[in-house]
Structure formats: C-alpha cells, structure tokens
Amino acid sequence: MTQTRLPRVRALVLALGFAVAALSPAYAQDVDVPKAAVPADIPFEQFTLPNGLRVVVHTDRKAPIVAVNVWYHVGSKNELPGRTGFAHLFEHLMFQGSENHDGEFFEPFELVGATDQNGTTNSDRTNYFQNVPTTALDMALWMESDRMGHFLGSVTQELLDEQRGVVQNEKRQGENQPYGQVFERLLKASYPEGHPYSWSTIGSMGDLNAASLEDVQRWFKTWYGPNNAVLVLAGDIDVETAKAKVAKYFGDIPAGPTMAQPKVDPAPRTTSTRDEFTDRVPQARVYRVWNTAEYGTVDADRLQLLAQVLGGSRASRLDKRLVHQDKLADSVSAGAWGNQLGGLFFLQVDVKQGVDPAVVEKALEEELSRLIAEGPSASELEQARTTFKAGFIRGIERIGGFGGKADALAECAVFAKDPGCFRQSLQVIETATAAELQDAGKRWLSQGDHTIVVTPGERVPTVEKESASHPEMAAVPPADPKYTTVETSVDRSQGVPVTTEFPDLVFPALQRAELSNGIKLVLAERRGLPVVQMNLLLPGGYVADLGRKLGTSSFTMGMLDEGAGKYGALAFGDEAERLGANLGASASLDGGSAYLSALKENLDESLGLFATMLRVPRFEASELERVRQSWIAGIKQEKARPNSAALRLLPPLLYGQGHPYAIPFSGSGDEASIASLTRDDLLAYHQAYVRPEGSTLVVVGDTTLAEIVPLLEKHLGQWKGTGAAPAQPEVTEVALPAKPRVFLVDQPGAIQANVYVGQLAPSSMDAKATEFEIANSVLGGEFSSRLNMNLREDKHWAYGSYSFVQAAKGQRPWLAFAAVQIDRTAESIAELQREISEYATGKAPAKPEEVAKIQASEIRSLPGSYETANAVLGAVGGIVRYQRPDDYVVQRKAKIEGLTPEAVHAAAGTLKPEALTWVVVGDLSKIEEGVRALGLGEVQVVDADGKPVAAKK
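Given the structure is predicted, the values throughout are model-derived calculations rather than measurements.

Undergrad: Can you help me understand the overall build of the protein in this one?
TA: Assigned secondary structure in the protein consists of 33 helices and 23 strands. Considered along the principal axes of its C-alpha atoms, the protein spans approximately 80 × 70 × 65 Å. Every one of the 953 residues in the protein was classed for burial, and the buried ones make up 62%. Once local pairs closer than 6 in sequence are excluded, the contacts in the protein between residues at least 24 apart make up 84%. A total accessible area of about 34,000 Å² is found for the protein, and carbon and sulfur atoms account for 52% of it. Taken together, the 95 basic and 120 acidic charged side chains of the protein have centroids lying 4 Å from each other.

Right under this line is the structure:
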C-alpha cells in the first residue's frame, strides 16, 4: 500500500526502549535554520506550580473530552547495572492503586468511559495518559495526583511480586516471537558496557527478581516528584480552568529531589561490527544500525529525511533496488530517531527466500554509499518533505493517545523544555537542503555500523549475563528548597470524586447522494483538519474465494496500487508521495474496500490517482511475481508467530471444510494457492467485484456535498462495470460441535504457550448482537474483566488474557486467548475453562455491578470514541456493511442503557462449554502431557496448516 513505512519501524524501535520523537526540535544545535511556514500548529499555554510541576494546556473543543497526559522524566537510562528493568516494573506498580484508592487504577476510568488509556516506559521517560469526558476531569486529576503524591503506602511485597510476574511474562512474550532476541543483542553491541542505553527497558530476569520493597521506595522518592514531571491537558479545557484544578489536586504534593540526568553521549562508533545467529524464523533478516545525533539537533531531523529517502517507502532507493529491481528482498524499512542521549539510524531487510544475505548486505552498502556520495535528488527530497508534512497534519487530529497533540507537547516540554519545539523541527524539515542531508549522512553513517543477520535454524537460547552484584540505589538527596507547596482543599479521605454528569453523544449527520453511475455516497462533514478521507465499500471479500484459489480476494485488492494506468508500481508510489496521499485497497471477510486519505489542497489530483487505481490496475506479470513471493513470505511469517498461527487454524476448525468462512482470517490464503494465482485470476476477480454497481463511497472530512460530488463525478462518474455483477456467496449456518476439541501445535523451544479457545456466535446483524457483545465484555473484553483479572492480576501467569467477537454477516467467531508461561499451561487452560463454563452456565452469572461497569464504560466513552475522522469513517462503514440505520450509534447506546443483568446472563448462555474448540501453540515436550490430563476433549496434534501429525514414538 502506498504510504510511509515509518510507523511500522517506530513500533519496532519502541521495543528497544528508546524515546521516539515525532519531529525533533532544531534549536539545540548551534545552526541557523531558515524560517518557513509551519504546515500545522498546536497552540498552547503553560504555567508552573510552586512545587515545580510544569503544566501545558491546549484548547480543542471539537469533542467534549480532555486528554490527560503525565510524563515523568525517568526511564531505563536512569537505572543502574544490576537494577535494569526497574523503571518499567515501576510503571506497572503505579497502575495498582494508591493510598487513597484501594483497587486497580483503571476502574474509575472505566466507569466514566475513558478512551486511549495506557502507560509506557522507554529509555528516557515514563508516561501515563487517558482521554476522559470533560465532566470527569476532576476524577482523572485526583487519580493522577494521588499516585504522584500518595503512592508508597499502598505498595506491599505481595503487590511487588504480582507485578514482577506480569512483567516477566511480558518479557517472555516478546522473546517467544521470531527475531525476539534481536534488540537485546543489538543494544549490548551498539553501546559500551555501562552506557545507559546498553540494556533494554524491560531489563533482565535476574535484575527483576532482585527488586525489593526498599528499591521501590527509593525509586519513587527519587524520580516521581512533581518537579520531575510534565502534565499536559489538551481538548475541552482552557488555561484558567486548568490552573484552578491542577493547583487543587497537585499543589500540596511536595517536590522531590532535583536529579541530574545522564550526560548526552551518542557513543559514535568508529569500527563496523556484526552478529550472526540462527532462530526459528521463516526467512533471513538483516539489521543495520548506527549510533547518531541526539534529540534536539538539526542532524536528528535531517537524518529522518535521509531515512525516508533511503528506505522509508515504496519510493525509496532501497525499495527500488532490493525489492523491485534486483528482487533480493520482500520488504525494507528505515528510520532515524533522536533520543535524549543519542540517536539511532535503523535499517531492516527481510531477505527473499533463496537469496544469500551477503548479496543483500552488498546492495545495502552500495545504495547507502551512493546516497551519501551524491545526496538525494530534488524530487526525492520534496517527496520526503511532503510525507512528513502530511504525517504531522494527520497525527495532530487526535488530542491524546500515542502520537497525539498532548504527546507532542509533553515530549517537547520534557526533552527540550519548550512545548513548542516541534515548530523548529518542522522548519528544519521544510527548509533542509540536499547538501545538508548529505553532510549529516557523511557525519553519522560513514563508519561504526553494527549488523545483525538472523537466519533460519535452531533457536539460540537466551543467556542473560547476571550482574556480579546488585548495587544499592543511590540515597535520595534532600528536596530542592526552591520548590514549595500550596495549601489545597482536597479531602482525600472522601475517596475518588464521583462524576455524576456526562456529555451527550454527538455523531455527525449523514448526508447522502448518488453518482450518475449508481455509486451511493455517504458524507459526514468534519472541519478543523485539511484532510478528506474516503472508503469505497465493495462486494466480494474473503467469502468470494469460495470456488476460487484461496487468497484471491486479498491478493487482487492488494495489487490495485502496484501500478495502474500510466503509472508502474514505482511511479504510482512516487505520485502518491508527491501528493501526500495515502491510498490502497484490501479485502475483509464480507467485502472489499478501497481507501484514500488526501490533503485538501491536493484532493482533485489525489482523486484522479484513486480512480485510476480502481479502474485500470495493471496487474503486470513482473509485479505480480514480486508481490507473490513477498506474500508467500508473509504467510510463513504468520505461521512462525504463535498468535497468528493459532488464528490461521481456528476459522477452518470452527466453520468446517467448504464453508466460505473456513479460511485463515488474515485473508492471506496458503502458499500453494498464492503460488498458482495467474493474471487472469486477478482480472476475473477485479471484473466481478471492483465495480461501481452495489458499491458505497463513505467520505469523512473537510468537504461538503456541493464540493465533493462534482469532483467524484469528474473522476468516477463514467466508470462502469463489465457484464452482470455476481451474487454474493451465501454464508450458511453451521452447527456447533457435539463435544469439545483440542488441537496442539508444536513450537519447540517456546518459553510460553499461546492458548486460544473459540466457538461460533450469531451474526453481527442478529437482533441480540449487542447483548452478546456486552456479555463478552464482562467475561474478557476489558482490562478489569474476569479473564484478565484472573490470569494476569491474580495468578500473574500471563501478560494479558482477553476475549472478543469478530464482526461478520454470518455466524461470527467468539474467541478467548492468553499467552501463558510454559510451566503453567495446563493450569491456565483449566482456569479459562472454569471461567467460561461458570459464566455461561449461570454458576457465576454477570453481577449487577459488572454489567453497570460495562454499561458505563460503553456509553460514557461514546463522545470520545468518534474524535477522529477515521473513527467516524469506520462507524459509517459498519452502518453500510451491516445494513444499519443512520442513527445506529444512538440506537445502540439506548439499547446498552436498557440492559439488565438478566439480559446479559441470557446472552452469556450463547457460549457452550461443551462445544468449545481449543488451539494451543507451544513446546509439546513441556505441555502435551498436562493438557491431555485435563480431559477437556479429544486431543489432536496438528501442524501449522492444520494437518494431523503422527504421534512420536
């Protein structure tokens, strides 16, 4: 799909524990940067309490919600050798309540309908964030201030042991994935021993086991004072209101000590090093990394542009050379980040099967050397610049959550001491020259790289180097006398403030029209951001693979943007980047879709490219073969990952052979079917299902019917389908199995077992669909639901355990899952079985308070749920796809409000413990005997394709 690959790479680097800068500030380096117009802005005001708490306020009235974002300037870089992983462990502890709130931190937020709530730790900071209804702001500030100022008395040895177990399972979950050992090894190799970036944020098992209550107390007293924090309030709030409320709740918290941060040390390297090892991976992967400029330097920004040119998108040099021209790789990613002490430039290549990784490394070196020697072309630089501009504009639509406006302001306030530092960074991006990018590349990428090559083979056991000793943490210095506190009127003995009023749900009015060729149009206007998004809902989908080769629908839709009209695949990507447009197509269970996100200033041209993609895809033989090989590699990646391996197996087991839903729900098909696809297969699917007849175009954004209809008529109005449109395949009803079934998949060497259990439930269009969804939420749909409270918070055998029900026109699958430590597999399955059975049969029915909590969470979160245009686009898409009334979100709200515990109990009876299907992926030498001893039902060992495996003698 034609969009930047940076978000994917950033997610990978987050595993390293680094702070990820959306756009880094320029002013910290002594370089004159030409002034340029900022493409978008985040206005703010700020103030500081006497105790040192810095507060930043941004007003955005588009929704009745406020983003509350607290950043503490402490991360894994502030730990000591022998105490690694402590910052992250502490983040978990601070979700366990406080002295004046005895219970999970999430509970009051669930009751008011908070959205985007989470907490994260990386090398440089710890943050906690949530979006709450405006009327619940007092509750949120009380909760955040109580854990900031009144926490230590609530921490017990039992609580420490519980969360230590949760974190250790989180660590196992990461290491259990293919390539899961890469980042630990990469950090140790990239930085000298003792450097604050030389260990991962999650730390070592030995160090986690050594953490004591005394450590907890010292760590909290040292780092979590208000003078080491920034609070950002963004949304339906103004600065005067913020001053009063923040002083009320945070003003009496005494300042902590003023702690020095580690010195900036990018640790530039002068020699090249490498690390090669084997793992149970489906294909070889090459990583190449350089230590680079720290946050707040112009080089950090310029290297981001250089990474975009080199490997950030389909238009990049590495993609053109490795993926398209030489066909050495299935995918390429690149990124650059300026972290507080030093940055990172990162390349990753998935090597095509049968290709020698050394050949890939040689090509990588050639392209990098050429770019540094010559610099980027004018067009490459402009495309990279436009990509960043468009990404920034889209990102600041959200007030909170990962990468929203509150995040951008907090990051700048913490690391640059200026919440508006993104403005200087945007100026660097907007004015950077090819020569400046070339110079930055020469400075940082000419030497000192570290290469990791992972090849298929036996997994190399993780061997953690135990610290020779576990040093005591530094004594806590006295508080800085320049900070004072203020008297407040908060009586915390009264507990959490109760929110009694909530904002009303406001969903945009849907406007309708029809193009001259019959395409139905549904428009929801959204002002404030110069972006227009649209999604063309088409018939077909995975169900249309019935009678075709498995994966035809997904493969065909995925090929639409691989060249169309006058544009080859690379030219198509270039044109999309030039316009700052994101577009592509995909298939889902019951239909296909084609999407476009366009900058308003380039809407006409972007629509032209969108129409070309729909009407005249090329399906060129060379591109088809390239995508085919990459697609097959993706299927192998699915099978190698325990979660996706289980999800490939469950639908065929639940629906039975020959059913249109009896396919891996990734839609990717299998290796044999994809290998046999021909251009004629793609043309036939395109002719049958990518057509105006029976389609609906949903548009959300900065436009009106008067503006958009003429443009749509211009580009799509003359489009006609060929021949008669086929009928959508019939989805027949399937009987539940007569008895439980258990399928085991061997994953030798696994340190966790991935447990999935499921059954079929009525359609999303069923009259009682909402009741069943609420029943599911009580059991496993929320953090504080039964399954997660049991396996994570009580037993700490898993990092998380949840259940969900997938949308479908026919019977939809209900699934519950948990990734559990390998030595607790049988016990975990027994607990899942007990929870499901007791809930479904009425032995432990939904309690009134559980139903009330889910009702509150569902209903009160609605005003914040439709904050973004993309959320509205998805909701309207569901209205169209499942034939719902235009006011469906309002009707659903009313239905949830009227639910009783008895109605939820009746819906829970949809689950039939005697008809469950279990899939367990793990090391059978460690789990098979225990699972069989449970006596759940017939046990069968199968491979990743679901084929029976003969018993070992």
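Undergrad: Where do I start with the state of the cysteines in this structure?
TA: Cysteine pairs can be linked by a disulfide, which is a covalent bond between their two sulfur atoms. Taken as a whole and judged by the stated rule, the model has one disulfide. What pairs with Cys412 in a disulfide is Cys421, and their sulfur atoms sit 1.9 Å apart. An S-S torsion of about -80 degrees defines the bridge between Cys412 and Cys421 as left-handed. The class for Cys412 is buried, based on a relative accessible area of 1%.

Undergrad: Help me understand the sheet that holds strand E14 (residues 531-538) in this model?
TA: Strands in a sheet are paired, the pairing made by backbone hydrogen bonds, and the direction either parallel or antiparallel. Strand order in the open sheet formed by six strands is E12-E13-E17-E14-E16-E15, and the pairing between neighbours is mixed. With one partner strand each, in any of the chains shown, strand E12 (511-514) and strand E15 (582-588) form the two edges of the open sheet. Taking each pair of neighbouring strands and ignoring which way they run, the sheet shows an average axis angle of 20 degrees. This element, helix H19 (residues 603-615), spans E14, E15 and strand E16 (591-599) of the sheet and lies at about 155 degrees to E16. On the sheet, helix H24 (residues 705-716) packs against E12, strand E13 (520-525), E14 and strand E17 (696-701) and is oriented at approximately 145 degrees with respect to E13.

Undergrad: Honestly, the nonpolar core in this entry has me stumped. Any pointers?
TA: Nonpolar side chains in soluble globular proteins tend to end up buried together. Counting 73 residues, the largest nonpolar core has Met534, Leu536, Leu583, Leu607 and Phe610 as the members making the most contacts within it. Sequence-distant contacts of Phe610, that is, excluding residues within four places in its chain, are made with Met534, Leu536, Leu583, Ala594, Tyr595 and Leu596. Val68, Ala87, Ala211 and Val490 belong to the second largest nonpolar core, which has 59 residues in total.

Undergrad: What should I look at first to understand the sheet that holds strand E11 (residues 450-456) in this one?
TA: Taken together, the five strands give an open sheet; going across it, the order is E7-E11-E8-E10-E9, and neighbouring strands pair in mixed fashion. Strand pairing shows two members of the sheet lacking a second neighbour, strand E7 (273-279) and strand E9 (329-337), which therefore form its edges. On average, each strand axis in the sheet is inclined to that of its neighbour by 10 degrees, with strand direction left out of account. Judged from the eight bridges that link them, E9 and strand E10 (residues 343-351) form a sheet pairing that is antiparallel.

Undergrad: Explain the environment of Phe572 here, please?
TA: Looking at the element boundaries, Phe572 is found in helix H18 (residues 569-579). Its relative accessible area of 0% is what places Phe572 among the buried residues.

Undergrad: Could you clarify how one ought to interpret the side chain of Arg648 in this entry?
TA: Following the sequence through the fold, Arg648 ends up in helix H21 (residues 642-655). If sequence neighbours within four positions are ignored, Arg648 has contacts with Ile635, Glu638, Lys639, Pro664, Ser666, Ser668, Gly669 and Asp670.

Undergrad: Is there a simple way to think about the pairing of strand E4 (residues 115-121) in this case?
TA: Regular strands place side chains that alternate from one sheet face to the opposite one. Of all seven residues that make up E4, five are buried, and the element is covered over most of its length. Where E4 lies against strand E5 (residues 126-133), five bridges are found, and the strand directions are antiparallel. Within E5, the residue paired with Gly119 across the bridge is Tyr128. Remark: four residues form the turn of the hairpin made by E4 and E5, two consecutive strands paired antiparallel.

Undergrad: Before we go on, may I ask you to explain the environment of Met789 in this structure?
TA: On the secondary structure map, Met789 appears in helix H26 (residues 786-794). On a C-alpha basis, the gap between Met789 and Glu104 in space is 9.9 Å, while along the polypeptide they are 685 residues apart. Residues contacting Met789, with those up to four places away along its chain left out, are Glu104, Phe783, Ser784 and Asp794.

Undergrad: It is not clear to me how the packing of helix H4 (residues 137-149) against helix H9 (residues 239-250) should be interpreted in this structure. Could you clarify?
TA: One way to put it is that H4 packs onto H9 with a least axis distance of 9 Å and a crossing angle of 35 degrees. Note that H4 runs across H9; the crossing there is right-handed. Only Lys245, Lys248, Tyr249 and Phe250 of H9 make contact with H4, whose side of the interface consists of Leu137, Asp138, Leu141, Trp142, Glu144, Ser145 and Met148. In the contact of H4 with H9, the residues fall into six nonpolar, one polar and four charged.

Undergrad: I'm lost on unusual backbone geometry in this one. Help?
TA: With glycine set apart, most residues show a phi of negative sign, and most peptide bonds adopt trans. Within the chain, Lys417 stands out as a residue other than glycine whose phi angle is a positive 60 degrees. With respect to the helices, strands and loops of the structure, Lys417 is situated in the loop between helix H14 (405-416) and helix H15 (421-431). The phi dihedral of Phe619 falls on the positive side, at around 50 degrees, and the residue is not glycine.

Undergrad: What is the right way to read the pattern of salt bridges from this model?
TA: Two side chains of opposite charge can pair, provided their charged atoms sit close to one another. With the rule as written, the count across this model stands at 69 salt bridges. Put simply, Arg302 and Glu436 hold a salt bridge, and the shortest N to O gap is 3.4 Å. Pair noted here: Arg302 is in helix H10 (residues 298-311) and Glu436 is in helix H16 (residues 434-445), with a separation of 134 residues, a long-range link. Residue class for Glu436 comes out partly exposed when judged on its relative accessible area of 23%. In this structure, Glu793 and Arg792 form a salt bridge, with 2.7 Å as the shortest nitrogen-oxygen distance. Arg792 matches Glu793 in its accessibility class, with the two residues each being buried. Connected via shared salt-bridge partners are Asp794, Lys795, Glu831, Arg834, Glu835, Glu838 and Lys843.

Undergrad: Teacher, can you tell me more about helix H2 (residues 86-93) here?
TA: It helps to recall that an α-helix has 3.6 residues per turn; residues three or four apart then point in one direction. Of all eight residues making up H2, eight are buried, and the element is well covered by its neighbours. Listing the buried residues of H2 in full gives Phe86, Ala87, His88, Leu89, Phe90, Glu91, His92 and Leu93.

Undergrad: Is there a simple way to explain the packing of aromatic side chains in this structure?
TA: A ring pair, where both rings are aromatic, is described by two values, the distance of the centres and the angle of the planes. If you walk through the whole model with that rule in mind, you get 33 aromatic pairs. Here the aromatic residues Tyr72, Phe90, Phe95, Phe105, Phe106, Phe109, Tyr128, Phe151, Phe220, Tyr224 and Phe783 are joined through ring pairs into a cluster of three or more. Over the face of the ring belonging to Trp71 we find Arg125, whose NZ or CZ atom lies 4.7 Å from the ring centre. Positioned above the aromatic ring of Phe277, the side-chain terminus of Arg185 is 3.9 Å from the ring centre.

Undergrad: Whenever I open this one, the side chain of Lys405 confuses me. Can you help?
TA: Structurally, the position occupied by Lys405 is in helix H14. One polar contact links Lys405 to Asp60, side chain to side chain, over a distance of 2.7 Å. With residues near it in sequence (within four places) discarded, Lys405 still touches Ile42, His58, Asp60, Ile396, Arg398 and Ile399.

Undergrad: Can you help me understand the pairing of strand E20 (residues 798-805) in this one?
TA: Of the pairings in the sheet, the one linking E20 to strand E21 (residues 812-821) comprises six bridges and is antiparallel in character. Among the inter-strand pairings, Ala798 is bridged to a residue of E21, identified as Val820. Between the end of E20 and the start of E21, which pair antiparallel, lie six residues.

Undergrad: Help me understand the confidence of the model for the protein, please; the structure alone is not making it clear to me.
TA: Overall, the predicted model of the protein reaches an average pLDDT of 92, with 94% of residues at or above 70. In the model, residues 1-30 has pLDDT below 50 throughout and makes 128 contacts with residues more than four positions away in sequence or in other chains.

Undergrad: Got a minute to help me understand the environment of Ala915 in this structure?
TA: Structurally, the position occupied by Ala915 is in the loop between helix H32 (901-908) and strand E22 (917-922). Linking Ala915 and Ala735, residues 180 residues apart in sequence, is a C-alpha distance of 9.9 Å. Dropping the residues within four chain positions of it, Ala915 is found in contact with Leu736, Pro737, Gly758 and Gln759.

Cut-off values and rules
- The numbering scheme is per chain: residues are counted from 1 as the chain's sequence reads.
- Only residues with pLDDT of at least 70 are given local features in this predicted model, and only at 80 or more are side-chain atom pairs given and counted; all residues enter the totals for whole chains, interfaces and linings.
- To get the side-chain values, all heavy atoms of the structure are used, and hydrogens and water are removed first.
- Secondary structure is summarised from DSSP: a helix means a run of H or I of at least four residues, a strand means a run of E of at least two, and numbering begins at the N terminus for each.
- Under the scheme applied here, a residue whose accessible area is under 20% of the maximum for its type counts as buried, over 50% as exposed, and between as partly exposed, the area being computed with a 1.4 Å probe on protein chains only.
- Here, two residues are considered to be in contact whenever any of their heavy atoms come within 4.5 Å of each other.
- Reported accessibility uses the Shrake-Rupley method at a 1.4 Å probe radius. Residues are deemed covered only where the shown protein chains occlude them.
- His is not counted, nor are the chain ends, whereas Lys and Arg count as positive and Asp and Glu as negative.
- To locate a charge, take NZ of a lysine, CZ of an arginine, CG of an aspartate or CD of a glutamate.
- Put simply, a disulfide is two cysteine sulfurs that come within 2.5 Å.
- Strand pairing is assigned whenever DSSP identifies at least 2 bridges connecting the two strands.
- Interaxial angle, 0 to 180 degrees, is taken between N-to-C directions of lines fitted to C-alpha atoms, where a helix line uses only the stretch in contact.
- Among buried residues, those of type Ala, Val, Leu, Ile, Met, Phe, Trp, Tyr and Cys that are joined through side-chain atoms within 4.5 Å constitute a nonpolar core.
- Each crossing gets its handedness from the near helix: less than a right angle anticlockwise from the far helix is left-handed, clockwise is right-handed.
- Note that Gly is not counted as nonpolar here; it falls among the polar residues with everything else outside the nonpolar set of Ala, Val, Leu, Ile, Met, Phe, Trp, Tyr, Cys and Pro and the charged set of Asp, Glu, Lys and Arg.
- A pairing counts as a salt bridge when a side-chain nitrogen of Lys or Arg comes within 4 Å of a carboxyl oxygen of Asp or Glu.
- For this analysis, a ring pair means two rings from Phe, Tyr or Trp (six-membered ring only for Trp) whose centres lie within 6.5 Å, classed as stacked if their planes differ by under 30 degrees, edge-to-face if by over 60, and tilted for the remaining angles.
- For a lysine, the NZ atom is tested; for an arginine, the CZ atom; a charge sits over a ring if that atom is within 6 Å of the ring centre and within 35 degrees of the ring normal.
- N or O atoms closer than or at 3.5 Å make up a polar contact, with two conditions inside protein: a donor-capable atom paired with an acceptor-capable one, and, for residues adjacent in sequence, both atoms drawn from side chains.
- The quantity called pLDDT is the predictor's confidence in a given residue, expressed from 0 to 100.

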